[in-house]
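# Fold and geometry: a report
Each chain, letter by letter, is given below.
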Amino acid sequence: EVSFYRPTPRGLEGKIGEKLAHLRQRDDQAKRNKKSRDIFGAFMLDIQLLRSDLEGMARRLETRGQNYIDVEQFRALEQERKTLQTRTQELQARRNQASKQIGMAKAKGEDASALMAEVAKLGDELKRNEAGLEETQDRLKQMLLVIPNIPHESVPVGRSTGDNVEVRRFGA
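## Looking at the packing of helix H3 (residues 54–62) against helix H4 (residues 71–108)
- With their axes 11 Å apart at the nearest point, H3 and H4 run at an angle of 145 degrees to one another. Considering only the axes of H3 and H4, their crossing is right-handed. The segment H3 lies against H4, with Leu54, Glu55 and Ala58 engaging Val71, Phe74 and Arg75.
- Among the residues making up the contact of H3 with H4, the classes are represented as 4 nonpolar, no polar and 2 charged.

Next comes the structure, spelled out in structure tokens:
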């Protein structure tokens, strides 16, 4: 491990040492809990860029010589993801509200068994939705894994190395 700071008997001194310790702690936590990472963080393309300008990105990628994005499939997966994510959030909100009502009913000494049954039912539906959301995100992830970087506007369109433009020559 390369260190740019001189360790002292007490460790790295000052705010820098505290910050480095905090970052190491976060890295260790992320390694232990793989789900804490953003599922789209490992890709070269920004998912937001695809969401905002899908047709433009598809046209730019076609200049590489292949059709890398199935636009309709991407749209369908995105729509499914949005629907599942919205439904999951609604279920979580309903479950939280019902849980608060259970607490208030128990505090008043009332019977909360009907509310508890509703929370259990919401919990089961929430698990199914979360599983569906995870599956949809995995399919979206697999689709993104095969999409290469978008070529810069200055890159000439061509199918082979013969279509390349010589910018400068180095050496003999």
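## What about the pattern of salt bridges?
- Taken as a whole, this structure holds 9 salt bridges when the rule is applied.
- The residue Glu153 makes a salt bridge to Arg60 at a minimum N-O spacing of 3.6 Å. Residue Glu153 is found in the segment after helix H5 (113–145), and its partner Arg60 is found in helix H3; the two are separated by 93 residues along the sequence.
- Looking at Glu153, the relative accessible area reads 60%, which means it is exposed.

## Considering the side chain of Arg81
- Locating Arg81 in the fold gives a position in helix H4.
- Given a relative accessible area of 8%, Arg81 falls into the buried group.
- Engagement of the side chain of Arg81 in a polar contact is seen with the side chain of Glu78, the distance being 3.0 Å.
- Contact partners of Arg81, with chain neighbours within four places excluded, come to Arg51, Leu133, Thr136, Gln137 and Leu140.

## Some words on the nonpolar core
- If you look at the biggest cluster of nonpolar residues, it comprises 16 residues, and the most contacted ones within it are Leu50, Leu54, Ile69, Phe74, Leu144 and Ile147.
- Every element with two or more residues in this core is listed here: helix H2 (47–52), H3, H4 and H5.
- For this core, the leading source of residues is H3, giving 4 residues.
- Once residues lying within four places of it in the same chain are set aside, the contact partners of Leu50 are Leu45, Met57, Ile69, Phe74, Leu144 and Ile147.
- Formed by 6 residues, the second largest nonpolar core is a distinct cluster that contains Ala98, Ile102, Ala112 and Leu115.

## What to know about H5
- In this model, H5 (33 residues) spans 48 Å end to end at C-alpha, consistent with the 48 Å of a helix rising 1.5 Å per residue.
- Listed as buried for H5 are Leu115, Val119, Leu122, Gly123, Leu126, Asn129, Leu133, Thr136, Gln137, Leu140, Met143 and Leu144.
- Turning to H5, the residues buried within the fold contact H2 and H4.

So, how was this worked out
- What you see as residue numbers is a count from 1 along each chain, following the sequence as written.
- Two thresholds apply to this predicted model, a pLDDT of at least 70 for residue-level local features and 80 or more for giving and counting side-chain atom pairs, whereas whole-chain, interface and lining totals are computed over all residues.
- To get the side-chain values, take all heavy atoms of the structure and skip hydrogens and water.
- Under this scheme, a helix contributes an axis fitted over its contacting stretch, all axes are lines through C-alpha atoms, and angles between N-to-C directions fall in the 0 to 180 degree range.
- In this description a helix means any DSSP run of H or I spanning at least four residues, a strand means any run of E spanning at least two, and both kinds are numbered starting from the N terminus.
- With the far helix as reference, a near helix turned anticlockwise by less than a right angle produces a left-handed crossing, and one turned clockwise produces a right-handed crossing.
- Whether two residues are in contact is decided by their heavy atoms, any of which lying within 4.5 Å being enough.
- Side-chain classes are defined by residue name, with Ala, Val, Leu, Ile, Met, Phe, Trp, Tyr, Cys and Pro counting as nonpolar, Asp, Glu, Lys and Arg as charged, and the others, Gly among them, as polar.
- For salt bridges, the criterion is a side-chain nitrogen of Lys or Arg within 4 Å of an Asp or Glu carboxyl oxygen.
- We call a residue buried when its accessible area falls under 20% of the maximum for its residue type, exposed when it is over 50%, and partly exposed in between, using a 1.4 Å probe and counting protein chains only.
- Residues adjacent in sequence count toward polar contacts only when both atoms are side-chain atoms; beyond that, a polar contact is any pair of N or O atoms within 3.5 Å, and within protein one must be able to donate a hydrogen and the other to accept it.
- What is meant by a nonpolar core is a set of buried Ala, Val, Leu, Ile, Met, Phe, Trp, Tyr and Cys residues, joined one to another through side-chain atoms within 4.5 Å.
- For a helix, the expected span equals 1.5 Å multiplied by the number of residues minus one.

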